[in-house]
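Descriptive structure summary
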Amino acid sequence: MKAIITELNWPIGIELLQEQGWEVLYDPELWKDRERLQMELQNAEVIIVRNQTKVDAELLGWGNQLRVIGRLGVGLDNIDLQTAADRNIPIIFGKNANATSVAEYVISGLFASARFLHGADRDVKSGGWNRKKYTGVEVAGKTLGLIGVGEIGHRVAVRARALGLKVIGYDPFVAPYDFPAAESGIELVEMDRVLAESDYISLHVPLTAHTRHLFNREIFHKMKRTAIIINSARGGIIHEVELNEALENGVISGAILDVLEQEPPPPDHPLLKRPNCLITPHIAGLTEESQIRTAELVSNEIISEMEGKPSLCRVNGRR
């Protein structure tokens, strides 16, 4: 049995496969070498990826022996789900393993935009003592709007409400008595109301044909001028050129982006020069704890699949 791992993985995930007597090729840079990846895939039963490896129809065509695809995370927009389903190749993903980490990132974003600690620190260390400039605001009493009220949205809401925020959310797939609304204190409303009332808007939807550029010029103009948008989901959900315009013209106050359409971004990307846009390198779900959980979960569930026991973390067909 051979498994190839094309991107960063934590040791526990590799060790679990090796304990089964499998041959494991682990090269976190393999996703960059398409020709070598295709060659290695020809005699592999398992491929494990993150979000950089393009598991498209062409690549899958090289995997004549491929039986399982593992995804170290939850986003599936880099995998051709329909081709995998047509080939009857299950996809195992890290279901909920990094949800707490992403939720904590969102809460960190609220505080980063409210209290300016890094800027104040730099000012003091350079000789300043500008208390007026670094007077922040409280998050208590503000309104957090969620676009997407699934597992991560639920965890964000629990933490936000503990801090005194009101939480409203829009999700056409969540009913009024589903757990996030009934137990997390999220008030389900229409999207226009989320846009109009929220001081912070946090995105928690997958990237699909329906959500690509969901946040665009028209949407930004429906938001509060003081609003801050937080995206820890997928870069393509936001139209970045139109976000840059909105930030430049004061249509909205700020943005916190963990994801971009192109990662890493080109050096001339306009948002890199925007002072009211905080950008991090796709780390919302990356904590030591979450990556141990993800690596362990995905490897164990792949082993179960290979033993003929269908995984609870299995995806088939188009999502």
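Residues numbered from 1 in each chain as written. Predicted model: local features only at pLDDT ≥ 70, side-chain atom pairs only at ≥ 80, totals over all residues. Heavy atoms only, no water.

For the chain, the name recorded in an unreviewed UniProt entry is Hydroxyacid dehydrogenase, with Paenibacillus herberti as its organism.

Some remarks on the pairing of strand β4 (residues 68–71)
Burial of β4 is two-sided: the residues Val-68 and Gly-70 facing one way and the residues Ile-69 and Arg-71 facing the other way are all buried. Direction of pairing for strand β3 (residues 46–49) relative to β4: parallel, over a ladder of 4 bridges. Within the sheet, the bridge partner assigned to Val-49 lies in β4 and is Arg-71. In this region the chain leaves β3, passes through helix α3 (residues 57–62) and returns to the parallel neighbour β4; the handedness of that crossover is right-handed. When β4 meets strand β5 (residues 91–93), the two strands line up parallel, connected through 3 bridges. Of the residues in β5, the one forming a bridge with Arg-71 is Phe-93. The parallel pair β4 and β5 is bridged by helix α4 (residues 81–86), and the resulting crossover is right-handed. (Buried < 20%, exposed > 50% of the residue type's maximum accessible area, 1.4 Å probe, protein only. Helix = DSSP H or I, 4+ residues; strand = E, 2+ residues; numbered from the N terminus. Pairing = 2+ DSSP bridges. Right-handed = clockwise from strand over helix to strand, strands pointing away.)

Overview of the UniProt feature "domain: D-isomer specific 2-hydroxyacid dehydrogenase catalytic" (unreviewed entry) in the chain
Residues given the UniProt feature "domain: D-isomer specific 2-hydroxyacid dehydrogenase catalytic" (unreviewed entry) here are residues 11–316. Secondary structure across residues 11–316 divides into 37% helix and 14% strand, with the first and last C-alpha atoms of the span separated by 27 Å. (UniProt positions renumbered as here; feature names shortened; annotations may be inferred.)

With respect to the packing of helix α5 (residues 99–115) against helix α7 (residues 151–162)
It is the contact of α5 with α7, at a shortest axis distance of 9 Å, that shows an interaxial angle of 50°. Between α5 and α7, the angle falls in the class oblique. Between α5 and α7 lies a crossing of right-handed hand. Along the contact surface, α5 presents Ala-99, Thr-100, Val-102, Ala-103, Glu-104, Val-106 and Ile-107, while α7 presents Glu-151, Ile-152, Arg-155, Val-156, Arg-159 and Ala-160. Looking at the contact of α5 with α7 residue by residue, the class counts come to 8 nonpolar, 1 polar and 4 charged. (Axes fitted to C-alpha atoms, helices over the stretch in contact; angles between N-to-C directions. Parallel < 35°, antiparallel > 145°, perpendicular 65-115°, else oblique. Left-handed = near helix turned anticlockwise from the far one by under 90°. Contact = heavy atoms within 4.5 Å. Nonpolar A, V, L, I, M, F, W, Y, C, P; charged D, E, K, R; others polar.)

Topic: the pattern of salt bridges
Per the counting criterion, the structure on display carries 19 salt bridges. For the salt bridge of Glu-29 with Lys-32, the shortest nitrogen-to-oxygen distance reads 2.7 Å. The shortest N-O distance in the salt bridge between Glu-307 and Lys-309 comes to 3.1 Å. What makes Lys-309 partly exposed here is its relative accessible area of 44%. Overlapping salt bridges, with partners in common, bring together Arg-34, Asp-56 and Glu-58 in one network. (Salt bridge = Lys/Arg side-chain N within 4 Å of Asp/Glu carboxyl O.)

Some thoughts on the UniProt feature "domain: D-isomer specific 2-hydroxyacid dehydrogenase NAD-binding" (unreviewed entry) in the chain
Per the UniProt annotation, the sites labelled "domain: D-isomer specific 2-hydroxyacid dehydrogenase NAD-binding" (unreviewed entry) are residues 110–284. Summarising residues 110–284: 30% helix, 15% strand, and an end-to-end C-alpha distance of 13 Å.

Some words on the sheet that holds strand β11 (residues 254–257)
Spatially, the 7 strands line up as an open sheet ordered β8-β7-β6-β9-β10-β11-β12, and their pairing is parallel. Edge positions in the sheet fall to β8 (187–188) and β12 (277–279), since each has one partner strand and no second. Both β11 and β12 contribute to a ladder of 3 bridges, which runs parallel. When the sheet's bridge partners are listed, Leu-257 is paired in β12 with Ile-279. In the packing of helix α11 (residues 240–248) onto the sheet, contacts are made with β10 (228–231), β11 and β12, and the angle to β11 comes to roughly 140°.

Looking at the packing of helix α1 (residues 11–19) against helix α12 (residues 288–306)
Direction vectors running N to C along α1 and α12 enclose 20°, while the axes themselves pass 7 Å from each other. Overall, the two elements α1 and α12 adopt an arrangement that is roughly parallel. Our pair here, α1 against α12, has a crossing hand that is right-handed. Facing α1, whose interface residues are Ile-12, Gly-13, Leu-16 and Leu-17, α12 presents Ile-292, Ala-295, Glu-296, Ser-299, Asn-300 and Ile-303.

Structural notes on α7
Given a rise of 1.5 Å per residue, 12 residues ought to cover 16 Å, and the 17 Å separating the end C-alpha atoms of α7 matches this to within 8%. Those residues of α7 that fall on the buried side of the exposure criterion are Gly-153, His-154, Val-156, Ala-157 and Ala-160. Seen along its axis, α7 keeps its buried residues to an arc of 165°; they face one direction. Buried positions along α7 lie against α5, β6 (143–147), β7 (166–170) and α8 (179–184). Backbone geometry just downstream of α7 places Gly-164 in the positive-phi region, at approximately 95°. (Expected span 1.5 Å × (residues − 1). Arc of directions from axis to C-beta.)

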